[in-house]
Amino acid sequence: MADAAGPGAAPAPAFPVPTMPAPPVGVVGLGQLGGSLAAALVAAGRPVQGWDVDAAARDAAAARGVEITRALSGVVVLAVPLPAMATALDGLTVDPGATVTDLGSVKRPVLETVGATAGSRFVGGHPMCGTERSGHAAVDPDLFSGARWAVCLEPDTELPRWLRVAEVALDAGAAVVPTTAAEHDDAVAAISHVPHLLAAALAAAAGQAGPLALALAAGSFRDGTRVIGSDPGFVRAMVTGNAGPTAAALARVQEQLARPWTDLVADGHAVATRQHGRRDVRVPLERAALLALGRAGGAITRRRAAFVEGWVPDQA
């Protein structure tokens, strides 16, 4: 147990207590991700505000119980395309004490823009879910159920605000993975951004093979190319916004493809079919401990008063 703080010690952070009323959540952008988040939080009993420049998206969200307003408070979530992040709050009234987060697939550029404006009120986030569909017609209240949701914990992040964002993710049904923006971007380059490029390359190469190849394409081709059905603008913004880590991750894939194919197939199969059990853990509300959980491949599933509960892979 840690020693009691002595005279002159810095006061302990005033963490929000789980039994206190949860603040409202304001969602800016009510397409697939933002609309799904708003719907999930309404179902969880959270008060939800929202705004979108598209009147049809506003009407659809209002029908699901979202209060449509330009005045946002509590936890404000930016669910807009990456190029629109910096101006997403223009024309809106945001409570000065509100915590600001986002759902962007790249974190360092958002930290440099939105974070520079919002300061310590900003906490980056990225739910690892979504489909190749987009727009308010693709809203699914269960979209986040069981998903991993990265919530960024930088050296200057205020832990009480980080917890408020983590609570939003948990209420939506996701498990929270603490990370930094830099570590997040390196990781998702390998498991998200490069797969989009590989899907594009596979589809383009199959197109060059001719109509017969496309006519015979079945499950493996469909699974391998599914994500390139996403909006090309979204994919371009994602890979160019994370160009350095994506190039490094793509180079590792190219090195693998240069190996003897029998070895490559065996090693890839071993990774894809590797199974680990889970070990339940309790983690104190402290930056180093939370980041260690994320780096170990673990996730948070429940918030308590003085700690969080979750799991890490059991490597034994």
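The residue numbers shown here count from 1 along each chain, following its written sequence. At least 70 in pLDDT is required for a residue's local features to be given in this predicted model, at least 80 for side-chain atom pairs to be given and counted, and no such filter applies to totals for whole chains, interfaces and linings, which use all residues. Only hydrogens and water are removed before side-chain values are computed, so all heavy atoms of the structure are retained for them.

Attention now moves to the overall build of the protein. A run of H or I in DSSP counts as a helix once it spans at least four residues, and a run of E counts as a strand once it spans at least two, with each numbered from the N terminus. Looking only at helices and strands, the protein features eleven helices and 14 strands. Whereas a compact globule of 316 residues would reach a radius of gyration of roughly 20 Å, the protein reaches 21 Å, a difference of no more than 12%. Each principal axis of the C-alpha atoms in the protein carries an extent, and together these give about 70 × 50 × 30 Å. Throughout, a contact is declared for two residues whenever any of their heavy atoms are within 4.5 Å. Nonlocal contacts in the protein, meaning residues at least 24 apart in sequence, comprise 66% of its contacts between residues at least 6 apart. Of the roughly 16,000 Å² that the protein leaves accessible, carbon and sulfur atoms contribute 58%. In the protein, the 25 positive side-chain charges and the 29 negative ones have mean positions that sit 3 Å from each other. Atoms counted for the radius of gyration: C-alpha only. Globule rule: 2.2 Å times the number of residues to the power 0.38. Accessibility throughout is a Shrake-Rupley quantity obtained with a 1.4 Å probe, and a residue counts as covered only by protein chains that appear here. We treat Lys and Arg as the positive residues and Asp and Glu as the negative residues; His and chain ends play no part in the count. A charged residue contributes its charge at one atom only: NZ of Lys, CZ of Arg, CG of Asp or CD of Glu.

Next up on the list: the sheet that holds strand β1 (residues 25–28). Sheet strands pair by backbone hydrogen bonding; their relative direction is either parallel or antiparallel. Pairing between strands is defined by DSSP: at least two bridges between the two strands are required. Taken in spatial order, the six strands line up as β3-β2-β1-β5-β7-β8 in an open sheet, and their pairing is parallel. Two strands close off the open sheet at either side, each with one partner strand: β3 (67–68) and β8 (122–123). All axes are obtained by fitting lines to C-alpha atoms, using only the stretch in contact for helices, and the reported angles, taken between N-to-C directions, cover 0 to 180 degrees. Sheet strands touched by helix α1 (residues 32–43): β1, β2 (48–51) and β5 (75–78). Its angle to β1, the strand with the most contacts, is close to 160 degrees.

Quick look at the pairing of strand β13 (residues 299–303) now. Direction of pairing for β13 relative to strand β14 (residues 307–314): antiparallel, over a ladder of four bridges. By the bridge assignment, Arg302 is partnered in β14 with Glu309. The turn linking β13 back onto β14 is made up of three residues.

Right, let's get into the pattern of salt bridges. A pair is scored as a salt bridge if a Lys or Arg side-chain nitrogen falls within 4 Å of a carboxyl oxygen belonging to Asp or Glu. For the coordinates displayed, the defined rule picks out eleven salt bridges. Here Glu309 ties to Arg304 by a salt bridge, and the two come within 3.4 Å at their closest N and O atoms. A simple rule labels every residue: compare its accessible area, found with a 1.4 Å probe on the protein chains alone, to the largest value its type can have, and call it buried under 20%, exposed over 50%, or partly exposed in between. On the basis of relative accessible area, Glu309 is assigned to the buried category, the value being 16%. By relative accessible area, Arg304 is classed as partly exposed at 32%. Linked by salt bridges that have partners in common, Arg108, Asp185 and Asp186 make up one network.

A few words now on the packing of aromatic side chains. We describe a pair of aromatic rings using the distance from one ring centre to the other and the angle between the two ring planes. Stacked, tilted and edge-to-face are the three classes assigned to paired rings of Phe, Tyr and Trp, where Trp is represented by its six-membered ring and a pair needs centres within 6.5 Å; plane angles under 30 degrees give stacked, over 60 edge-to-face, the rest tilted. Under the definition given, this model contains one aromatic pair. Geometrically, a lysine NZ or arginine CZ counts as sitting over a ring once it is within 6 Å of the ring centre and also within 35 degrees of the ring normal. For the cation-ring pair, Arg58 lies above Trp51, with the distance from its terminal atom to the ring centre recorded as 4.5 Å. A cation over a ring is seen here: Arg278 above Trp311, with NZ or CZ 3.8 Å from the ring centre.

For the purposes of this section, nonpolar cores are sets of buried Ala, Val, Leu, Ile, Met, Phe, Trp, Tyr and Cys residues that join through side-chain atoms within 4.5 Å. Among the nonpolar cores identified, the biggest contains 41 residues, and Val27, Leu37, Trp149, Trp162, Val176 and Leu290 are the most heavily contacted of them. Ranked by residues supplied to this core, first place goes to helix α4 (residues 159–171) with eight residues. Listed in part, the 15 residues of the second largest apolar core include Trp51, Leu72, Val76 and Val80.

Along helix α11 (residues 287–295), the residues that are buried comprise Leu290, Leu291, Leu293 and Gly294. Mapping the buried residues of α11 onto a view down its axis gives an arc of 150 degrees, with all of them on the same face. For this analysis, a polar contact is any N or O atom pair within 3.5 Å, provided that within protein one partner can donate a hydrogen and the other can accept it, and provided that sequence-adjacent residues contribute only side-chain to side-chain pairs. Its side-chain oxygen 3.2 Å from the backbone nitrogen of Ala288, Glu286 forms the N-cap of α11. Directions are taken from the helix axis to each C-beta atom, and the arc is the one they span.

Turning our attention to the state of the cysteines. Working definition: a disulfide is two cysteine sulfur atoms within 2.5 Å of each other. In the structure shown here, the tally under the stated rule is zero disulfides. For Cys129, which is in no disulfide, the shortest distance to another cysteine sulfur is to Cys152 and amounts to 15 Å.

Let us look at the confidence of the model for the protein. Across the protein, the average pLDDT comes to 92, with 95% of residues at or above 70. Counting contacts from residues 1–6, a segment whose pLDDT is below 50, to residues more than four positions away or on other chains yields zero contacts. Known as pLDDT, the predictor's per-residue confidence is scaled from 0 to 100.

This next bit is on helix α2 (residues 55–63). Considered for burial, the residues of α2 that qualify are Ala57, Ala60 and Ala61. For α2, the angular spread of the buried residues around the axis is 95 degrees, confining them to a single face. In α2, the exposed positions angled more than 90 degrees off the buried face are occupied by Asp59 and Ala63. Structurally, α2 contributes buried residues whose contacts are with β3. Of the residues that open α2, the one with a side-chain oxygen 3.0 Å from the backbone nitrogen of Ala56 is Asp54. Remark: Gly65 follows α2 within two positions and exhibits a positive phi of approximately 100 degrees.

As a further point, take the packing of helix α5 (residues 181–209) against helix α8 (residues 232–241). Close contact between α5 and α8 brings their axes to 10 Å; oriented N to C, the two are set at 125 degrees. The angle between α5 and α8 falls in the class oblique. Crossing geometry of α5 relative to α8 is assigned as left-handed. Contacts between α5 and α8 pair Ser192, His193, His196 and Leu197 from the former with Phe234, Val235, Met238 and Val239 from the latter. Note on residue categories: nonpolar means Ala, Val, Leu, Ile, Met, Phe, Trp, Tyr, Cys or Pro, charged means Asp, Glu, Lys or Arg, and polar means any other residue, Gly included. Residues belonging to the contact of α5 with α8 are distributed by class as follows: five nonpolar, three polar and no charged. Reported orientations rely on four angle classes, namely roughly parallel under 35 degrees, roughly antiparallel over 145, roughly perpendicular from 65 to 115, and oblique for the rest. Rotating anticlockwise by less than a right angle from the far helix to the near helix defines a left-handed crossing, while the corresponding clockwise rotation defines a right-handed one.

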